[in-house]
Structure formats: structure tokens, C-alpha cells
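# Examination of the molecular architecture
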Amino acid sequence: MGIDLGTANTLVYVSGKGIVLQEPSVVAIDQNKYDQALAVGEEAKKMLGRTPKNVIAVRPLHDGVIADVETVQLMLRRFIEIVNGGKSLITPRIIIGIPSGVTKLERRAVSDAAIEAGAREVYLIDEPMAAAIGAGLPVAEATGNMIVDIGGGTTEVAVLSFKGTVISESVRVAGDELTESIIIYLRKAYNLVIGEWTAEDIKIRIGSAYPTQDQDDPMMEVRGIHLLSGLPRTVTLRGEEIRDCMLEPLGVIIEAVKRTLERTPPELASDIIDRGIMIAGGGALLRGIDTLISHETGIITHIAADPLCCVVLGIGRVLENFEQLERALIGPYSNI
């Protein structure tokens, strides 16, 4: 079983079946019964901001790492039960994707959460490596491959060659920070308070990373609470102002890409110039992100065929070709 334990979404891959679960990384808990999850995934996400006092809906992962170990255990246990049809875990091996910049303590927290959720043997794999495999890059060859995985909590930039990571950088600025920048902008510019999911919808519908000349500036009506009056108010937003308000977090991502390129050995850099840069993760769906990276680096940039699923698809390929790709893994961790 392979698990992409993401800040925004969790995906599960089962050998021979493919992706069998894709749910938001959200858990709803009764404050009087912390050892039980009332709901997980999409059902729990619908409860965010809409629960009574005794029920809380939380995202237990922050910036790509576990912020609440016990809640992650509850979430993993429920997802594993769903995948196994309500039965206890019968898969002896689980591979989990983790950000490349996590500490040993954070790696241990991930493996312990999976073991406590019922796994018998746990391997970890750096998300950039898994994303590159899932995107179809020839990581087993002695050639340079560059992957930029823009997730919910972290952006992973890595240069890979011969089943290993040559250079990598992980910055805790990604999709969540882009969403947060929209919330802050509306508060400052319009005195309007909106929720996280409204901001996410704005980013998806009219957000972009780079201006395009072939289409009109998109517009969108947004409803929220006016800070001064405390009453509901509607404002009309333009795509250009949303792009401008995301410049700072986008700049952090671009600088991480540039720093990684500067540290890349010349032979591998030459390969990257020929092959281009690959973008994966949910952030790859932001309009114009490939054009922005290409413009800033001078290197052609591609978006993976299925950016949201690249990591879990890569984990799946490792599961099904374990002996050939075992060198890319960290572990095993065991409950024995």
C-alpha cells in the first residue's frame, strides 16, 4: 500500500488496483472523545467552520509535516479501514511520501503514526523522487532530471539522477500560503473577511501566476463579512489583483528553483536545459505557473500529465517494482 500523506489531500494506492482513495486531509473530532474520529476526508471538510462547540474539524498536517500525531493516527486508521473494506490492515508493507526537508524526528512521527494505525512495516520516500517517478521522468538513468512539486504545505525542488537525489530544497511556502495571501489582501483592500475555502475557490477560478495576452482579465463576485459594519457584503474581484497579491509567495518558490539550479553540477544542468523542468503537485494547476518559471529561469517548463496524483503514482510504481527502486526508499521502520 502506498500513501501520499499531504497537507491538503491524502491519496492511497494499492498494488494491482491503482489509486483507491483520494480524500482531503481533514478530521472531525468530538472534544469529549478524542480517541474517536466522527468523520474524515470530504465529509469532515464540509464541517470546517460549521460545527457545534463540542466538535472540531482540523487539518492535522501543517507545512507538510504532522502537527497532531494522534489525529493523524485516527485519520490513517480510518482511511486504511476504508481501503480494506472495514477490515484490519492486511498489507505487510506501506510506503509513505514525505517532504525532503523534514527532520529525523518528523520522519519518525510519520512512521510511528502509520505503525500505530496498523502497519507492520513502513518505508518512507522523499516526495520529489516519488513525484518524478510518477511524472515519468527517467530517474533510473544517469542523467539530470529536475522536479518542482508544489503541494499544499511545501514546495519541493530537486535534481535527481540514477535513482538518487543530487540536490534538493524544501520551502514551507506552497498552495496554503497562496490561499492565505488572498485572505490577507481582501482584509486589507476591502475590509472583507472570507474563509479558507472561499479563498481557495478564488485562487482556482481567477488566480494566475503570469499574465496572458490572449484572454480578458477574469472577474468574480465574492461574498464575505465587512469588518467595519459586521454585515455581509459582496465585492467584484479581478484576476490581475489576485495575481498581484500572490507575488510574494510565488517569489519564494521561484527563488528556491533558482538556488537549486545554481547548485546543480554543470553536466546535470546541461541535461536539465535539454529536458526542461517538470512541475507536479496541486500548485501546478495554477494558471501560468509554468510560464512564470520558464520566464524566470530561461528553461522550458512542463506540467505533469496528472500533477495531483504524481506522488502517489510514483509510490505505486515503487511498490510494484520494489527490488529495482528500493534504493530510493528510507527505512524500513517496523513495530517488531
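Residues numbered from 1 in each chain as written. Predicted model: local features only at pLDDT ≥ 70, side-chain atom pairs only at ≥ 80, totals over all residues. Heavy atoms only, no water.

Put simply, the rule reads: UniProt positions are given in the numbering used here, feature names are shortened, and annotations may be inferred rather than shown by experiment.
Per an unreviewed UniProt entry, the recorded name for the protein is Cell shape-determining protein MreB, and the organism is Nodularia harveyana UHCC-0300. Of the comments in the UniProt record for the protein, the one headed Function (unreviewed entry) reads "Forms membrane-associated dynamic filaments that are essential for cell shape determination. Acts by regulating cell wall synthesis and cell elongation, and thus cell shape. A feedback loop between cell geometry and MreB localization may maintain elongated cell shape by targeting cell wall growth to regions of negative cell wall curvature." Recorded under Sequence similarities (unreviewed entry), the UniProt text for the protein is reproduced unchanged: "Belongs to the FtsA/MreB family."

### Some words on the nonpolar core
So the rule is basically this: Within this scheme, the nonpolar core is defined by two criteria: the residues are buried Ala, Val, Leu, Ile, Met, Phe, Trp, Tyr or Cys, and they are joined through side-chain atoms within 4.5 Å. With a 1.4 Å probe rolled over the protein chains alone, any residue whose accessible area is under 20% of its type maximum counts as buried; one over 50% counts as exposed, and the rest are partly exposed. The numbering of helices and of strands both runs from the N terminus, where a helix is a DSSP run of H or I of at least 4 residues and a strand a run of E of at least 2. The contact criterion used throughout is that any non-hydrogen atoms of two residues lie within 4.5 Å.
Counting 40 residues, the largest nonpolar core has Ile-182, Ile-194 and Ile-202 as the members making the most contacts within it. Here the element with the most residues in this core is helix α8 (residues 247–263); it accounts for six residues. Not counting chain neighbours up to four residues away, the residues in contact with Ile-194 comprise Ile-182, Ile-183, Leu-186, Ala-199, Ile-202, Val-222, Arg-223 and Gly-224. Of all hydrophobic cores here, the second largest spans 34 residues; its members include Leu-5, Val-27, Ala-114 and Ile-115.

### Some remarks on the packing of aromatic side chains
Here is the rule we go by: A pair of Phe, Tyr and Trp rings is counted when the ring centres sit within 6.5 Å of each other, with Trp represented by its six-membered ring. The angle between the planes then sorts it: under 30 degrees is stacked, over 60 is edge-to-face, the rest tilted. When the NZ atom of lysine or the CZ atom of arginine is within 6 Å of a ring's centre and also within 35 degrees of its normal, the charge is said to sit over that ring.
Scanning all chains against the criterion turns up two aromatic pairs. An angle of 75° between the planes, with centres 5.3 Å apart, marks the rings of Tyr-123 and Phe-322 as edge-to-face. One end of the pair, Tyr-123, is in strand β10 (residues 121–126); the other, Phe-322, is in helix α12 (residues 322–325), with 199 residues separating them in the sequence. Their ring planes at 80° and their centres at 6.2 Å tell us that Tyr-185 and Tyr-190 sit as a pair that is edge-to-face. For Tyr-185, a relative accessible area of 23% corresponds to the partly exposed category. Classification of Tyr-190 as partly exposed rests on a relative accessible area of 26%. A cation over an aromatic ring shows up here: Arg-93 above the ring of Phe-322, its NZ or CZ 3.8 Å from the ring centre.

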